[in-house]
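Next come the chains, spelled out residue by residue.
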Amino acid sequence: MDVILKTEGLTKIYGETKVVNDVSLTVRQGDIYGFVGKNGAGKTTLIRMILGLTGIDGGSFTMFDGTELSAARRRTGSLVEGPSLYKNMTARDNLLLFSTLLGTDKSKVDALLETVGLPDTGKKKARDFSLGMKQRLGIAMALLGEPDFLILDEPINGLDPKGIVEIRELLLRLKNEGKTIFISSHILGELEKIATRYGIISGGRLVEEITAEELRQICVAATLLQTNQPEKALEIARRFLHSEEISLEKGTVVIRTPIEDIGALTNELFREGVSVKGISSDDNSAEEFFIRKMEEE
Ligand SMILES: Nc1ncnc2c1ncn2[C@@H]1O[C@H](COP(=O)(O)OP(=O)(O)O)[C@@H](O)[C@H]1O
Ligand SMILES: [Mg+2]
């Protein structure tokens, strides 16, 4: 089993607007797929189509390598736009009730509370839960059917930093248990620490699909060197750093490879008679990359 979700040209039209426009994306087994886009980009709509909560106006998708859709959805757990909890019930009773409704194994409920970090909420009613606790209970509900694939729509939206860290750790734990996770967010920095692949959606269009490794390479900070002899400095830097990822741009030596010891490089330049007039870094962060992509539409 390799491909868990594959959409091809998926399209949803509301009125005259294609709010999801020709989206082709691929989620592979073991991915934490970060589906990133601003509010209104079309994230929830795409998720609702996948889950069968709304119809499709164009394109298609397959799950679990083309498994029959209703069977594929039984292997999928989801949390879309916040959990629907019974507010006057405890975490445990909520889970027991949903377990009954879904016909899942009730003996798993206590272990699930443990998994999502809600073992000690006792008699506390869901209405008194923090947002983070509600989201974790929502994720527990999504896990009731022991799904292989989890679809989570903005589970970290509105959480405080501690809540964000807790959800992130939970998702990593679930990934390590072998689950594949599709998670939407407009909070870029948060997915950066856990996602293995990203799809960036803007104005209904998928403007980029990229692995975490590719992103890391794009975002490697460049070091900029101003010298009195740019061409000579370029040649020395390439030789000294054993790298061709170094270029001359408008008289500045641009080094796109990590430098362990910048002092050793400037000493070498000095020894060769090149004087360094300035060193700066162009930190092309992941966040900036995403923002640029999201503005592209
Ligand atoms: N049921 C609906 N009827 C009409 N327009 C909708 C409906 N649901 C969503 N939209 C519109 O579709 C666009 C995408 O919405 P949505 O998928 O919720 O975005 P996101 O989840 O990325 O914030 C928005 O412009 C939204 O107003
Ligand atoms: Mg949404």
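Given the structure is predicted, the values throughout are model-derived calculations rather than measurements.

**Observations concerning the domain arrangement of the chain**
Okay, step 1: Domain assignment breaks the chain into domain 1 (3–215) and domain 2 (219–287).
Okay, step 2: Once you take the C-alpha centre of each, domain 1 and domain 2 turn out to be 44 Å apart.

**Quick word on helix 5 (residues 131–143)**
Okay, step 1: Compared with an ideal rise of 1.5 Å per residue, which puts 13 residues at 18 Å, helix 5 spans 18 Å between its outermost C-alpha atoms and is within 8% of the ideal.
Okay, step 2: The buried fraction of helix 5 is high, at eleven of 13 residues.
Okay, step 3: Within the sequence span of helix 5, burial applies to G132, M133, Q135, R136, L137, G138, I139, A140, M141, A142 and L143.
Okay, step 4: Contacts from the buried residues of helix 5 go to strand 6 (76–79), helix 3 (91–102), helix 4 (109–115), strand 7 (149–153) and helix 6 (161–176).

**Comments concerning a negative patch on the surface**
Okay, step 1: On the surface, a cluster of negative charge is made up of E192, D282, D283, E287 and E288.
Okay, step 2: As for its position among the elements, E192 is in helix 7 (residues 188–192).

**Details of the site of ligand 1**
Okay, step 1: Neighbouring ligand 1 are Y14, V19, K38, N39, G40, A41, G42, K43, T44 and T45.
Okay, step 2: In the environment of ligand 1, an oxygen atom lies 2.6 Å from a nitrogen or oxygen atom belonging to the backbone of G40.
Okay, step 3: In the complex, the protein chains occlude 56% of the 560 Å² of accessible area that ligand 1 would expose alone.
Okay, step 4: By residue number, the principal contributor to the shell around ligand 1 is helix 1 (residues 43–50), which donates three residues.

**Thoughts on the sheet that holds strand 9 (residues 197–202)**
Okay, step 1: Sheet architecture is open: six strands sit in the order 6-7-8-4-9-10, paired in mixed fashion. Of all the strands in the sheet, just strand 6 and strand 10 (205–211) have a single pairing partner and so form its edges. Taking each pair of neighbouring strands and ignoring which way they run, the sheet shows an average axis angle of 15 degrees.
Okay, step 2: The sheet contacts of helix 1 involve strand 4 (32–36), strand 7, strand 8 (180–185) and strand 9, and relative to strand 8 the element is tilted by about 145 degrees.
Okay, step 3: Across the face of the sheet, helix 11 (residues 286–295) comes into contact with strand 4, strand 9 and strand 10 while running at roughly 35 degrees to strand 9.

**Topic: helix 10 (residues 262–271)**
Okay, step 1: Every buried residue of helix 10 is listed here: L265, T266, E268 and L269. Relative to the axis of helix 10, the buried residues are bounded by an arc of 155 degrees and lie together on one face. Turned more than 90 degrees from where helix 10 packs its buried face, F270 and R271 sit exposed.
Okay, step 2: Here the buried face of helix 10 lies against strand 11 (222–227), helix 9 (230–241), strand 13 (252–255) and strand 14 (276–282).
Okay, step 3: At the N-terminal boundary of helix 10, the capping side chain belongs to D261, with an oxygen 3.1 Å from the backbone nitrogen of G263.
Okay, step 4: G273 sits one or two positions beyond helix 10 and adopts a positive phi of about 85 degrees.

**Focus: the sheet that holds strand 14**
Okay, step 1: The antiparallel open sheet is built from four strands, whose spatial order is 12-13-11-14. In the strand order of this sheet, the two ends are held by strand 12 (246–249) and strand 14, each with one partner. Strand-to-strand twist across the sheet, computed as the mean angle between neighbouring axes with direction ignored, equals 25 degrees.
Okay, step 2: Contacts from helix 9 reach strand 11, strand 12 and strand 13 within the one sheet, and its direction differs from that of strand 12 by about 165 degrees.
Okay, step 3: Packing against the sheet, helix 10 makes contact with strand 11, strand 13 and strand 14, and its axis sits at approximately 150 degrees to strand 14.

**Looking at the pattern of salt bridges**
Okay, step 1: Considering all chains together, one arrives at 13 salt bridges under this definition.
Okay, step 2: The salt bridge involving K108 is made with D105; its shortest N-O contact spans 3.8 Å.
Okay, step 3: Using a relative accessible area of 33% as the deciding quantity, one classes K108 as partly exposed.
Okay, step 4: When the shortest N-O distance is used, the salt bridge between E166 and R136 registers 3.1 Å. Residue E166 is found in helix 6, and its partner R136 is found in helix 5; the two are separated by 30 residues along the sequence.

Rules behind the numbers
Residues numbered from 1 in each chain as written. Chains lettered and ligands numbered in written order. Predicted model: local features only at pLDDT ≥ 70, side-chain atom pairs only at ≥ 80, totals over all residues. Heavy atoms only, no water. Domains from an automatic or database assignment. Helix = DSSP H or I, 4+ residues; strand = E, 2+ residues; numbered from the N terminus. Expected span 1.5 Å × (residues − 1). Buried < 20%, exposed > 50% of the residue type's maximum accessible area, 1.4 Å probe, protein only. Contact = heavy atoms within 4.5 Å. Patch = residues over 30% accessible without salt bridge, like charges linked within 9 Å, V, L, I, M, F, W, Y side chains within 5 Å. Areas by Shrake-Rupley, 256 points an atom, 1.4 Å probe, with all protein chains shown as cover. Salt bridge = Lys/Arg side-chain N within 4 Å of Asp/Glu carboxyl O. Lys, Arg positive; Asp, Glu negative; His and termini not counted. Charge placed at Lys NZ, Arg CZ, Asp CG, Glu CD. Near = heavy atom within 4 Å. Polar contact = N/O pair within 3.5 Å; in protein donor to acceptor, adjacent residues only side chain to side chain. Pairing = 2+ DSSP bridges. Axes fitted to C-alpha atoms, helices over the stretch in contact; angles between N-to-C directions. Arc of directions from axis to C-beta.

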